[in-house]
Amino acid sequence: IRRLLPVETHRGCPYTCAFCNSPAQTLLHAGEGPYFRKKSMALVKSEIENHIKQWKVEYIYFWADTFLAWSNQEFDEFCEMYSDIKLPFWCQTRTETVTEYRIKGLKDVGMDRISFGMEHGNEAFRREVVKREYTNASAVRALDIVADNDMCFAVNNMIGFPDETRELAFDTIEINRQFRSDSVVCSIFVPFHGTVLR
């Protein structure tokens, strides 16, 4: 048991998944500037230092829809900032954001585990209904990088999408058999107000 607190690094998301509230937030706030925003590393650092001082935090959960939605320069700034802190942490991101350089960099500064949204195992269904465009092969390659670097990771999946068949659901099961994750999560689709799939 460890004392954990969340730290927000991003608000919103640059991606437009059909089940998620972030695209709706972007539309809701249109005309007010971009809804997807990134905190400065100085602010992130001050919040972490406050958590350590005030709450004696031992573990950080980086609260971001897509933690690695950074440019390479921003990623390097994060690693430089966090190298002074080095508390173990957990974050979530997408397979498209994974590179060997990034996984090694996060491991060096204290990443303990990472979660990935796979959502669905059928490429056409994922592209046309879920609005996530990447191949199964690219997802397997990305998660192999994580496994090869001895990182604990979870894969998040969803069933019960509109028009999903039993066969399509089994495509999700099959793709998960190709991952060397230590945890697999399966949620049931919820048609939240404001989402494309609603």
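Residues numbered from 1 in each chain as written. Predicted model: local features only at pLDDT ≥ 70, side-chain atom pairs only at ≥ 80, totals over all residues. Heavy atoms only, no water.

Caption draft 1: Seen up close, the nonpolar core. Membership of the largest hydrophobic core comes to 41 residues, with the highest contact counts inside it found for Ile60, Phe62, Phe67, Phe78, Tyr82, Phe89 and Val146. Those elements giving two or more residues to this core turn out to be helix H2 (41-55), strand S4 (59-63), helix H3 (72-82), strand S5 (89-93), helix H4 (100-109), strand S6 (111-119), helix H6 (136-148) and strand S7 (152-159). Ranked by residues supplied to this core, first place goes to H6 with seven residues. Ignoring sequence-local partners within four residues, the contact set of Phe62 consists of Val7, Thr9, Val44, Ile48, Phe67, Phe78, Tyr82, Phe89, Trp90 and Cys91. Listed in part, the eleven residues of the second largest apolar core include Cys17, Phe19, Phe189 and Leu197. (Core = buried A, V, L, I, M, F, W, Y, C linked by side-chain atoms within 4.5 Å. Buried < 20%, exposed > 50% of the residue type's maximum accessible area, 1.4 Å probe, protein only. Helix = DSSP H or I, 4+ residues; strand = E, 2+ residues; numbered from the N terminus. Contact = heavy atoms within 4.5 Å.)

Caption draft 2: Looking closely at the packing of aromatic side chains. Counted under the stated rule, the structure contains 18 aromatic pairs. Taking 5.4 Å as the distance between ring centres and 15° as the angle between the ring planes, the aromatic pair formed by Phe78 and Tyr82 counts as stacked. Here Phe78 pairs with Tyr82, and both are found in helix H3, just four residues apart, close to one helical turn. In this arrangement the basic side chain of Arg37 is found over the ring face of Tyr35, its NZ or CZ atom lying 5.2 Å from the centre. In this structure, Arg94 packs its charged tip against the face of Tyr15, placed 3.6 Å from the ring centre. (Phe/Tyr/Trp six-rings, centres within 6.5 Å; stacked < 30°, edge-to-face > 60°. Lys NZ or Arg CZ within 6 Å of the ring centre and 35° of its normal.)

Caption draft 3: Fine view of the sheet that holds S5. Judged by pairing direction, the sheet is parallel, and its six strands sit side by side in the order S1-S4-S5-S6-S7-S8 without closing on themselves. Edge strands, defined here as strands with exactly one partner in the open sheet, are strand S1 (4-8) and strand S8 (183-188). Strand-to-strand, the axes of this sheet are offset by a mean angle of 25°, without reference to chain direction. Summarising the sheet, S5 and S6 pair through five bridges and their orientation is parallel. The residue of S6 that forms the bridge with Cys91 is Ile114. (Pairing = 2+ DSSP bridges. Axes fitted to C-alpha atoms, helices over the stretch in contact; angles between N-to-C directions.)

Caption draft 4: Expanded view of the side chain of His51. The residue His51 is located in helix H2 in this model. Among the residues examined, His51 registers a relative accessible area of 14% and is labelled buried. Looking at His51, its side chain comes within polar contact range of the main-chain oxygen of Pro6, at 3.2 Å. Excluding residues within four positions of it along the chain, His51 makes contact with Leu5, Pro6, Val7, Lys56 and Val57. (Polar contact = N/O pair within 3.5 Å; in protein donor to acceptor, adjacent residues only side chain to side chain.)

Caption draft 5: Inspection of the pattern of salt bridges at higher detail. The full count for this structure, using the stated rule, is 14 salt bridges. Here Glu8 makes a salt bridge to Lys39, at a shortest N to O gap of 3.8 Å. Here Lys39 lies in the loop between strand S3 (37-38) and H2 and Glu8 lies in strand S1, a separation of 31 residues in the sequence. The salt bridge partner of Arg113 is Asp182, with a shortest N-O separation of 3.1 Å. Pair noted here: Arg113 is in strand S6 and Asp182 is in the loop between helix H7 (166-176) and S8, with a separation of 69 residues, a long-range link. (Salt bridge = Lys/Arg side-chain N within 4 Å of Asp/Glu carboxyl O.)

Treat this as a map of the structure, not an account of what it does.
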